[in-house]
Amino acid sequence: TIPLPKSLAAQIHIHLTIHTHHILLFLTSRTPQSPPGPAPLGSFVYALPSSTQPTPLSTPLYIREDTLETATRVAKILAKRTGRPAYVGCSVDFSSAGRGGNVDEELEAIRSVVEVVVKKVE
């Protein structure tokens, strides 16, 4: 669990499974006001490192428009940084962030998640 940027109580929950040939990552956010129970289903993206292109290839396996961009970005970054295919499920809601989820807060959260995951994979 890591804190949502510039938020007092919201957290990003990370569930990481490291397999020998790929990474499986699920991200969701919770606040004290979040209803109990399972997190809502967000986008699910597969990214594959490419040896011929500078950016990894990716494809959405399940689409939820409000989380697709974040899931794709995290999957591509992880595939590139770890050299392994990455499956990323994301239902993070940035509206609980300090400034309502602006671009800077999203990028800060993505940086934090990637940093934690890459350390665990290495």
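Okay, so let's go over this structure. (Residues numbered from 1 in each chain as written. Predicted model: local features only at pLDDT ≥ 70, side-chain atom pairs only at ≥ 80, totals over all residues. Heavy atoms only, no water.)

With that settled, the discussion passes to empty space enclosed by the protein. All told, the structure shown has one cavity of 30 Å³ or more when counted by the stated rule. Approximately 50 Å³ is the volume attributed to the largest cavity. Taken together, the elements giving at least two residues each to the lining of the largest cavity come down to helix H1 (65-82) and helix H2 (103-121). The element that contributes the greatest number of residues to the lining of the largest cavity is H2, accounting for three residues. (1 Å grid on protein atoms, 1.4 Å probe; cavity = no way out; pocket = protein on both sides within 12 Å on 5 of 7 lines; lining within 4 Å. Points joined across faces, edges and corners; volume = space filled by probe spheres on them. Helix = DSSP H or I, 4+ residues; strand = E, 2+ residues; numbered from the N terminus.)

Turning our attention to the nonpolar core. Counting 27 residues, the largest nonpolar core has Ile-12, Leu-25 and Leu-78 as its most contacted members. Elements supplying a minimum of two residues to this core: strand S3 (23-30), strand S4 (43-48), H1, strand S6 (86-91) and H2. If you tally residues by element for this core, the top one is H2, at seven residues. Not counting the four nearest positions on each side in its chain, Leu-78 is found in contact with Leu-25, Gly-83, Arg-84, Ala-86, Val-88, Val-114, Val-117 and Val-118. (Core = buried A, V, L, I, M, F, W, Y, C linked by side-chain atoms within 4.5 Å. Buried < 20%, exposed > 50% of the residue type's maximum accessible area, 1.4 Å probe, protein only. Contact = heavy atoms within 4.5 Å.)

Next up on the list: the sheet that holds strand S1 (residues 2-3). The mixed open sheet is built from six strands, whose spatial order is S1-S2-S3-S6-S4-S5. Of all strands in the sheet, those bounded by a partner on one side alone are S1 and strand S5 (57-62). As paired strands, strand S2 (residues 11-18) and S3 are joined by eight bridges and run antiparallel to one another. What sits directly across from Thr-17, in S3, is Leu-24. In this fold H2 packs onto S1, S2 and S3, with an angle of close to 30° to the strand it touches most, S2. (Pairing = 2+ DSSP bridges. Axes fitted to C-alpha atoms, helices over the stretch in contact; angles between N-to-C directions.)

Now for H2. Its 19 residues give H2 an end-to-end C-alpha distance of 27 Å, which sits within 8% of 27 Å, the value for a rise of 1.5 Å per residue. Its buried side turned inward, H2 meets S1, S2, S3 and H1. (Expected span 1.5 Å × (residues − 1).)

Another point: the environment of Thr-20. Mapped onto the fold, Thr-20 is located in the loop between S2 and S3. The sequence separation of Thr-20 and Lys-80 amounts to 60 residues, and the corresponding C-alpha distance is 16 Å.

At a closest axis distance of 10 Å, the pairing of H1 and H2 adopts a crossing angle of 35°. Between H1 and H2 the crossing geometry is right-handed. For the pair formed by H1 and H2, the contact residues are Thr-70, Arg-73, Val-74, Ile-77, Leu-78, Arg-81 and Thr-82 on the first element and Glu-106, Leu-107, Ile-110, Val-114, Val-117, Val-118 and Val-121 on the second. Broken down by class, the residue content of the contact of H1 with H2 amounts to nine nonpolar, two polar and three charged. (Left-handed = near helix turned anticlockwise from the far one by under 90°. Nonpolar A, V, L, I, M, F, W, Y, C, P; charged D, E, K, R; others polar.)

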